[in-house]
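Fold and contact review
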Amino acid sequence: KTFMIAWGSLIDSGLLYEHDFTVKVDPDAVFLPDRLVKHVLPQKGKPVYFPNCNLWQGAPPYGPKLYGALEVYSVPAIKLYSAGHGGCEGLDWHGWGEDYYMQM
């Protein structure tokens, strides 16, 4: 529930919409934003969420992913979540991690 409250606060602030992407980084991760840009820029304006692990094989985007350290959301993806999160909160999400919840 904590991440739902956090995302709600961020969405309500409107600050997320001043940037093309929002990156959620774990506090123990090393994050180099300039290296991320070349990977996400082709997706600018598209509703994309880059998950952080390869737990569910075959789930796009294909290839290796980090486990729990980093998640990237485009503004259109955040807008989709904002519009539909009420339906997600109605699911049996207890026991899910944030990355799994955000893919629903």
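It should be noted that the structure appears before, not after, this text.
Please read all numbers here as calculations on a predicted model, not as lab measurements.

Rules used in this analysis
- Residues numbered from 1 in each chain as written.
- Predicted model: local features only at pLDDT ≥ 70, side-chain atom pairs only at ≥ 80, totals over all residues.
- Heavy atoms only, no water.
- Helix = DSSP H or I, 4+ residues; strand = E, 2+ residues; numbered from the N terminus.
- Contact = heavy atoms within 4.5 Å.
- Areas by Shrake-Rupley, 256 points an atom, 1.4 Å probe, with all protein chains shown as cover.
- Buried < 20%, exposed > 50% of the residue type's maximum accessible area, 1.4 Å probe, protein only.
- Pairing = 2+ DSSP bridges.
- Phe/Tyr/Trp six-rings, centres within 6.5 Å; stacked < 30°, edge-to-face > 60°.

Considerations on the overall build of the chain
Assigned secondary structure in the chain consists of four helices and three strands. When the elements of the chain are put in sequence order from the N terminus, they spell out α-β-α-β-β-α-α. In the chain, once contacts between residues fewer than 6 apart in sequence are set aside, the share between residues at least 24 apart is 61%. As displayed, the chain has an accessible area near 6700 Å², and 60% of this comes from carbon and sulfur atoms.

So, the environment of Thr22
Along the chain, Thr22 falls in strand S1 (residues 21-25). On the basis of relative accessible area, Thr22 is assigned to the buried category, the value being 13%. Counting along the chain gives 51 residues from Thr22 to Tyr73, while the straight-line C-alpha distance between them is 5.2 Å. Beyond its immediate stretch of four places on either side in the chain, Thr22 contacts Trp7, Leu16, Glu71, Val72, Tyr73 and Ile78.

Quick word on the sheet that holds strand S2 (residues 49-50)
The strands making up a sheet associate through hydrogen bonds between their backbones, and the pairing can be parallel or antiparallel. Pairing in this open sheet of three strands is antiparallel, and the strands run S1-S3-S2 from one edge to the other. A strand with exactly one partner marks an edge of an open sheet, and here the two such strands are S1 and S2.

Some words on the environment of Trp93
On the secondary structure map, Trp93 appears in the loop between helix H3 (75-89) and helix H4 (98-103). Sequence separation between Trp93 and Lys1 is 92 residues, and the spatial gap between their C-alpha atoms is 9.0 Å.

Concerning the packing of aromatic side chains
This model, assessed by the stated rule, comprises two aromatic pairs. An angle of 70° between the planes, with centres 4.7 Å apart, marks the rings of Trp7 and Tyr73 as edge-to-face. Placement of the pair is Trp7 in helix H1 (residues 2-13) and Tyr73 in strand S3 (residues 70-74), with a sequence separation of 66 residues. Judged by relative accessible area, which is 3%, Tyr73 ranks as buried. With a centroid separation of 4.8 Å and 25° between ring planes, the pair formed by Tyr49 and Tyr73 is classed as stacked. One end of the pair, Tyr49, is in strand S2; the other, Tyr73, is in strand S3, with 24 residues separating them in the sequence. Like Tyr73, Tyr49 is buried. Of the aromatic side chains, those joined through ring pairs into one cluster are Trp7, Tyr49 and Tyr73.

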